[in-house]
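So the chains spell out like this:
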Amino acid sequence: MDEKKVMLSGIQPSGDLTLGSYLGAIKNWGARAEEFDCYYFMADMHSITVRQDPAALRRRTLEQLAQYIACGLDPERNTLFIQSHVHQHAELGWVLNCYTMFGELSRMTQFKDKSAKNKDNINGGLFTYPALMAADILLYQPDYVPVGEDQKQHCELTRDVAQRFNHIYGDVFKIPEPYIPKVGARIMSLSDPASKMSKSDKDPNGSVYLMEKPEDIQRKFKRAVTDSDTERCVRYDPANKPGVANLMTIYAAVTGRTMEEIEREFDGQGYGVFKPAVGEAVVETLRPIREEAQRILKDKAYLESVYRAGAEKASRVAERTLRKVYKKVGFVAR
Ligand code: TYM
């Protein structure tokens, strides 16, 4: 019998999930359990590379699990777990640190961005973060890693590290492919279309959150920055009309329409019609997710049973890879 292909991804519970994380990542995870053996986790160990409030980190980790399930990831058919529950991540992370070069880590744009934003806390973990991410991935020998555009560089580094290791020790790791959506891989801030929509953005008007009230979402879209060109029509031109292009991308991702269809739909109408229409489409996409996540969140015993079972399964799979790696590098078996 053919083995199923494997898919894996994770999100840091470092802030409330945004429309960006949904369209760039989670939306592409759902409904794949038929085809793939799927692993999705809350990357809490990555989150502490930036200082977190402990109670908020715990709350967001569980909220994120409820949101994964509400987005359609059935825990019976997908392995959902919390990164820190599976000790093999830290262990392989250490080994891979020793096979990841200082120069490679220095080139990572996420490190450059985050160290510019957190000047008083440029810690070792922030720098070596991609080695832990490589461990997260390689432990499960996945074929595909569905992520947004901003994680492509980390996925490429993972491939380089895996190839380096395999070159020395023989075929230990499968070389994974990043899987990046055609539409929605890089959703920009609603208040600043030059910067990425981010969980940790200080400006709450730039981001739309999965758990946000419909009226707040609608208000943010009505206020979204469009462009100062005189044309004021809905046309896809990312270079000259980045604000409108971002709203069109969001609309395309939630409705499945093409850019041409959207241009036709709003032909002759201004931004005053277009912006609330995008808001409405987003509200209706997120409504069932929010309601379902709120319902699941009340059932703490259920969430606990999900993350316990997830950790057990993940740990079993991860241990197989870790054992192989320990043997290859020359550690004495226990
Ligand atoms: P994180 O937590 O920053 O983001 C989670 C996922 O959401 C995508 N994403 C976006 N996509 C489109 N537009 C946006 N504005 C946007 N913002 C976020 C990200 O690309 C990502 O797919 N290092 C990872 C977490 C991680 C991981 C892993 C991912 C840790 N280990 C192993 C995959 C495999 C991160 O910080 O993503």
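Refer to the structure presented above.
Residues numbered from 1 in each chain as written. Predicted model: local features only at pLDDT ≥ 70, side-chain atom pairs only at ≥ 80, totals over all residues. Heavy atoms only, no water.

### Let's talk about the overall build of the protein chain
Link 1 in the chain: Counting its regular elements, the protein chain contains 13 helices and 5 strands.
Link 2 in the chain: Over its C-alpha atoms the protein chain spans a radius of gyration of 21 Å, differing by no more than 12% from the 20 Å that the globule rule assigns to 334 residues.
Link 3 in the chain: When the backbone C-alpha atoms are referred to their principal axes, the protein chain occupies close to 70 × 45 × 45 Å.
Link 4 in the chain: For the protein chain, with 334 residues in total, the buried portion stands at 52%.
Link 5 in the chain: At a minimum sequence separation of 6, the contacts of the protein chain that also span at least 24 residues come to 75%.
Link 6 in the chain: Carbon together with sulfur atoms contributes 50% to the accessible area of the protein chain, which is approximately 16200 Å² in total. (Helix = DSSP H or I, 4+ residues; strand = E, 2+ residues; numbered from the N terminus. Rg over C-alpha atoms; globule rule 2.2 N^0.38 Å. Buried < 20%, exposed > 50% of the residue type's maximum accessible area, 1.4 Å probe, protein only. Contact = heavy atoms within 4.5 Å. Areas by Shrake-Rupley, 256 points an atom, 1.4 Å probe, with all protein chains shown as cover.)

### Here we look at the packing of helix H7 (residues 124–138) against helix H8 (residues 152–169)
Link 1 in the chain: Taken N-terminus to C-terminus, the directions of H7 and H8 make an angle of 75°; their axes are 9 Å apart at the nearest point. Judged by the inter-axis angle, H7 sits roughly perpendicular to H8. In this structure, H7 uses Tyr129, Pro130, Met133, Ala134, Ile137 and Leu138 to contact H8, whose residues at the interface are His154, Cys155, Leu157, Thr158 and Ala162. (Axes fitted to C-alpha atoms, helices over the stretch in contact; angles between N-to-C directions. Parallel < 35°, antiparallel > 145°, perpendicular 65-115°, else oblique.)

### Considerations on the site of the ligand
Link 1 in the chain: Around the ligand, 28 residues are found, and the nearest of them are Tyr129, Asp136, Asp150, Ile187 and Lys199.
Link 2 in the chain: At a separation of 2.4 Å, an oxygen atom of the ligand approaches a polar side-chain atom of Asp150.
Link 3 in the chain: The separation between an oxygen atom of the ligand and a polar side-chain atom of Lys199 is 2.7 Å.
Link 4 in the chain: For the ligand, the protein covers 97% of the area, taking 710 Å² as the surface of the free molecule.
Link 5 in the chain: Those elements that place two or more of their residues in the shell around the ligand are strand S1 (5–11), helix H1 (19–24) and H7.
Link 6 in the chain: Here the shell around the ligand is built from residues that sort into 13 nonpolar, 10 polar and 5 charged. (Near = heavy atom within 4 Å. Polar contact = N/O pair within 3.5 Å; in protein donor to acceptor, adjacent residues only side chain to side chain. Nonpolar A, V, L, I, M, F, W, Y, C, P; charged D, E, K, R; others polar.)

### What to know about the state of the cysteines
Link 1 in the chain: Throughout the structure, instances matching the rule amount to 0 disulfides.
Link 2 in the chain: Free cysteine: Cys155, not disulfide-bonded; nearest cysteine sulfur from Cys38 at 16 Å.
Link 3 in the chain: With relative accessibility at 3%, the residue Cys155 sits in the buried group. (Disulfide = S-S within 2.5 Å.)

### What to know about a positive patch on the surface
Link 1 in the chain: A cluster of basic residues, Arg316, Arg320, Lys324, Lys327 and Lys328, forms a positive patch at the surface.
Link 2 in the chain: Along the chain, Arg320 turns up in helix H13 (residues 300–329).
Link 3 in the chain: Judged by relative accessible area, which is 58%, Arg320 ranks as exposed. (Patch = residues over 30% accessible without salt bridge, like charges linked within 9 Å, V, L, I, M, F, W, Y side chains within 5 Å. Salt bridge = Lys/Arg side-chain N within 4 Å of Asp/Glu carboxyl O. Lys, Arg positive; Asp, Glu negative; His and termini not counted. Charge placed at Lys NZ, Arg CZ, Asp CG, Glu CD.)

### Overview of the nonpolar core
Link 1 in the chain: In this structure, Leu19 and Phe221 are the most contacted members of the largest nonpolar core, which totals 56 residues.
Link 2 in the chain: It is helix H12 (residues 271–297) that provides the largest number of residues to this core, a total of 11 residues.
Link 3 in the chain: Not counting the four nearest positions on each side in its chain, Phe221 is found in contact with Leu19, Leu190, Val208, Leu247, Ile250, Lys275, Val278, Gly279 and Val282.
Link 4 in the chain: Residues Leu105, Met133, Val161 and Val172 belong to the second largest nonpolar core, which totals 39 residues. (Core = buried A, V, L, I, M, F, W, Y, C linked by side-chain atoms within 4.5 Å.)

### Side note on the pattern of salt bridges
Link 1 in the chain: A complete count under the given rule lists 16 salt bridges for this structure.
Link 2 in the chain: Residue Glu284 is joined to Arg287 by a salt bridge in which the shortest nitrogen-to-oxygen separation is 2.8 Å. Of the two residues, Glu284 and Arg287 both sit in helix H12, 3 residues apart, roughly one turn of that helix.
Link 3 in the chain: For Glu284, a relative accessible area of 38% gives the class partly exposed.
Link 4 in the chain: On the basis of relative accessibility, which here comes to 29%, the residue Arg287 falls in the partly exposed class.
Link 5 in the chain: Through salt bridges with shared partners, one network takes in Lys213, Asp216 and Arg219.

### Describing the packing of aromatic side chains
Link 1 in the chain: Throughout the structure, instances matching the rule amount to 17 aromatic pairs.
Link 2 in the chain: Relative to Phe81, the ring of Phe41 lies with its centre 5.3 Å away and its plane at 25°, an arrangement referred to as stacked. On the criterion of sequence distance, the pair formed by Phe41 in strand S2 (residues 36–42) and Phe81 in strand S3 (residues 78–82) is long-range, its members being 40 residues apart.
Link 3 in the chain: On the basis of relative accessibility, which here comes to 0%, the residue Phe81 falls in the buried class. (Phe/Tyr/Trp six-rings, centres within 6.5 Å; stacked < 30°, edge-to-face > 60°.)

### Regarding the pairing of S3
Link 1 in the chain: Of all the 5 residues making up S3, 5 are buried; the element is thus mostly covered by neighbouring parts of the structure.
Link 2 in the chain: Of the two faces of S3, both are covered, the one formed by Asn78, Leu80 and Ile82 as well as the one formed by Thr79 and Phe81.
Link 3 in the chain: Bridge count between S2 and S3: 5 bridges; the pairing is parallel. Residue Tyr40 lies in a different strand from S3, and its bridge partner there is Leu80. (Pairing = 2+ DSSP bridges.)

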